[in-house]
Amino acid sequence: MEQKRKGIIIAIDGPAGAGKSSVASEVAQKLGYSHLDTGSMYRGATYFLIKRNIPMEKENENQVLDELKKMKIDMIDNRILINEEDTTPFIRTKEVEKFVSWVSSLPGVRKILVQKQREIAREGGFVLDGRDIGTQVCPDAELKIFLSASPEIRVKRRYLQLKGKAELDFIRKDLKRRDEYDKNRKAGPLQPAEDAIFLDSSHLTRKQVVEKIVRWAQEVIEN
Ligand code: CDP
């Protein structure tokens, strides 16, 4: 017998610093849904490798994958638990950011994490944000948004979010480098799904973005 789903799936994809996670979290709250920030799973896996001193370079791909097979990853209210340890406070560092795009470009890594993401969202009633939600993780999502903003605005937003912990120039280079990496990788690249709605948030407040997405979601839910 088919299980009753808790609601629709909303996929929010887009480049770094577009505001996906905060928007996704608010949309979920307004709809009474759960939110899954898939970026923190890739960050958590990267942190796990750094802690174990695993060299993150091409020649070492097999060891990276072997190590990750020993990793038990759980998400509880978007806190990321790795082998039962809450790693949430440690995943938004420069060091993690330096390696995360390389780690997430490995097909073996994506296989493990995409499967986990699908399991988590299986019952519906979820807003997921990431790079490949609409294309790979939940290609049947009922609502897909590709959220972007101009590069300079994304840099400024990230600067404000980090409250001065990183300089503008560092953030500019880091976002550019990660976006290029994410767009050009073969496995689960950053790209809009064919049926995604493009939303440029450059001149919108977060509240306006949230309201638009909630309105679209309600239209889908009611029909
Ligand atoms: O918050 P920000 O947009 O800077 O990054 P994030 O969403 O936390 O994701 C960190 C990194 O994880 C990205 O730069 C991607 O390399 C990777 N990622 C991915 O490959 N696929 C996803 N679904 C989510 C994140």
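Relevant structure appears above.
Scope of this entry: the structure provided in the associated data block. Every chain's residues receive numbers from 1 upward, in the order its sequence appears when written. Given that this is a predicted model, residues contribute local features only at a pLDDT of at least 70 and side-chain atom pairs are listed and counted only at 80 or more, while totals for whole chains, interfaces and linings are drawn from all residues. For side-chain calculations, the full set of non-hydrogen atoms in the structure is used, while hydrogens and water are omitted.

1. Brief notes about the overall build of the chain
Numbering of helices and strands starts at the N terminus; helices are DSSP runs of H or I of at least 4 residues and strands are runs of E of at least 2. The helix and strand tally for the chain stands at nine helices and eight strands. Between the two quantities, the radius of gyration covers C-alpha atoms and the globule rule is 2.2 Å times the number of residues to the power 0.38. Over its C-alpha trace the chain gives a radius of gyration of 17 Å, about what one expects of a compact globule, namely 17 Å for 223 residues. The principal-axis extent of the C-alpha atoms belonging to the chain is close to 50 × 50 × 30 Å. Buried, partly exposed and exposed residues are distinguished by accessible area as a fraction of the type maximum, computed with a 1.4 Å probe on protein chains only: under 20%, between the cut-offs, and over 50%, respectively. Per-residue burial for the chain yields a buried fraction of 49% across its 223 residues. Within the chain, contacts between residues separated by at least 24 positions form 74% of all contacts whose residues are at least 6 apart in sequence. Element-wise, carbon and sulfur atoms account for 50% of the exposed surface of the chain, whose accessible area totals about 12100 Å². Where the 41 positive side-chain charges of the chain centre and where its 35 negative ones centre are 3 Å apart. When checking whether two residues touch, look at their non-hydrogen atoms; a contact exists if any pair is within 4.5 Å. Only the protein chains shown count as cover for residues, and the accessible areas themselves come from Shrake-Rupley with a 1.4 Å probe. In summary, the charge assignment counts Lys and Arg as positive and Asp and Glu as negative, without counting His or the chain termini. By convention, the charge on Lys lies at NZ, on Arg at CZ, on Asp at CG and on Glu at CD.

2. Here we look at the sheet that holds strand E5 (residues 85-86)
As summarised here, the arrangement of the three strands in space is E3-E4-E5, forming an open sheet in which the pairing is antiparallel. For this open sheet the edge positions go to strand E3 (73-76) and E5, each flanked by a neighbour on one side alone. Pairing of E3 with strand E4 (residues 79-82) involves four bridges; the strand directions are antiparallel. When the sheet's bridge partners are listed, Asp74 is paired in E4 with Leu81. The criterion for strand pairing is that DSSP finds at least two bridges linking the strands in question.

3. Points about the packing of aromatic side chains
Each Phe, Tyr or Trp ring, with Trp reduced to its six-membered ring, pairs with another whose centre is within 6.5 Å; inter-plane angles below 30 degrees give stacked pairs, above 60 give edge-to-face pairs, and intermediate values give tilted ones. Scanning the entire structure with this criterion turns up two aromatic pairs. For the ring pair Phe146 and Phe198, a centre distance of 5.5 Å and an interplane angle of 55 degrees mean the geometry is tilted. Taken together, the residues span a long stretch of sequence, with Phe146 in strand E7 (residues 143-148) and Phe198 in strand E8 (residues 197-200) at a distance of 52 residues. A relative accessible area of 9% places Phe146 in the buried class.

4. Some points on the site of the ligand
Near, as used in this document, describes a residue that has one of its heavy atoms within 4 Å of the molecule or strand being considered. Close contacts around the ligand come from 19 residues, with Arg43, Arg110, Arg158, Arg178 and Asp182 the closest. Polar contact criterion, stated in full: a pair of N or O atoms within 3.5 Å, where within protein one must be able to donate a hydrogen and the other to accept it, and residues adjacent in sequence count only if both atoms are side-chain atoms. Between Gly17 and the ligand, the recorded distance is 3.5 Å, taken from a backbone N or O atom to an oxygen atom. Within the complex, 98% of the 530 Å² of free accessible area of the ligand lies under protein. Given that more than half its atoms are within 2 Å of the pocket grid, the ligand belongs to the largest pocket. Looking at the shell around the ligand, the elements with two or more residues in it are helix H2 (38-51), helix H4 (94-103) and helix H8 (168-184). With four residues, the top contributor of residues to the shell around the ligand is H2. Split by residue class, the shell around the ligand holds three nonpolar, six polar and ten charged. As defined here, a cavity is a set of points on a 1 Å grid over the protein atoms alone where a 1.4 Å probe fits but cannot get out. A pocket is an open set with protein on both sides within 12 Å along at least five of seven lines, and residues line them when an atom is within 4 Å of a point. Assignment of a molecule to a cavity or pocket requires that more than half of its atoms lie within 2 Å of the corresponding grid points. Only Asp, Glu, Lys and Arg are considered charged in this grouping, and only Ala, Val, Leu, Ile, Met, Phe, Trp, Tyr, Cys and Pro are considered nonpolar; every other residue, Gly among them, is considered polar.

5. Digging into H2
Here the expected length of a helix is defined as 1.5 Å per residue gap, with one fewer gap than residues. With 14 residues, H2 extends 20 Å from end C-alpha to end C-alpha; this agrees with the ideal 20 Å at 1.5 Å per step. With twelve of 14 residues buried, H2 is to be regarded as a mostly interior element. All of the buried residues along H2 are Thr38, Ser40, Met41, Tyr42, Arg43, Gly44, Ala45, Thr46, Tyr47, Phe48, Leu49 and Ile50. Its side-chain oxygen 3.1 Å from the backbone nitrogen of Gly39, Asp37 forms the N-cap of H2.

6. Re a nonpolar patch on the surface
On the surface, a nonpolar cluster with roughly 280 Å² of combined accessible area is contributed by Tyr159, Leu160 and Leu168. Along the polypeptide, Tyr159 turns up in helix H7 (residues 151-161). A residue is classified by how much of its surface remains accessible, and Tyr159, at 32% relative accessible area, is partly exposed. Two distance rules govern patches: like charges are joined within 9 Å, and nonpolar side chains (Val, Leu, Ile, Met, Phe, Trp, Tyr) within 5 Å, applied only to residues with over 30% relative accessible area and no salt bridge. The term salt bridge refers to a side-chain nitrogen of Lys or Arg lying within 4 Å of a carboxyl oxygen of Asp or Glu.

7. Describing the sheet that holds strand E6 (residues 126-130)
Taken together, the five strands give an open sheet; going across it, the order is E2-E6-E1-E7-E8, and neighbouring strands pair in parallel fashion. Edge positions in the open sheet fall to strand E2 (34-37) and E8, since each of these has one partner strand only. Here the average twist between neighbouring strands, direction ignored, is 20 degrees. Strands in contact with helix H1 (residues 20-31) are strand E1 (9-13), E2, E6 and E7; relative to E6, the strand with the most contacts, it is inclined by about 175 degrees. With axes taken as lines fitted to C-alpha atoms, and helix axes fitted only over the stretch in contact, angles between N-to-C directions fall between 0 and 180 degrees.

8. Side note on the layout of surface pockets
The calculated volume of the largest pocket comes to roughly 890 Å³. Around the largest pocket sit 42 residues that line it, and Gly19, Lys20, Ser21, Arg158 and Gln161 are the ones nearest its centre. For the lining of the largest pocket, the elements supplying multiple residues, two or more each, are H1, E2, H2, H4, E6, H7, H8 and helix H9 (206-222). Residue contributions to the lining of the largest pocket peak at six residues, all from H1. Residue composition of the lining of the largest pocket, by class: nine nonpolar, 17 polar and 16 charged. Grid points are joined across faces, edges and corners, and a volume is the space filled by probe spheres set on the points. The calculated volume of the second largest pocket comes to roughly 330 Å³. When residues of the lining of the second largest pocket are traced back to their parent elements, those giving at least two are H4, H7 and H8.

Any functional reading would require information beyond the geometric quantities listed.
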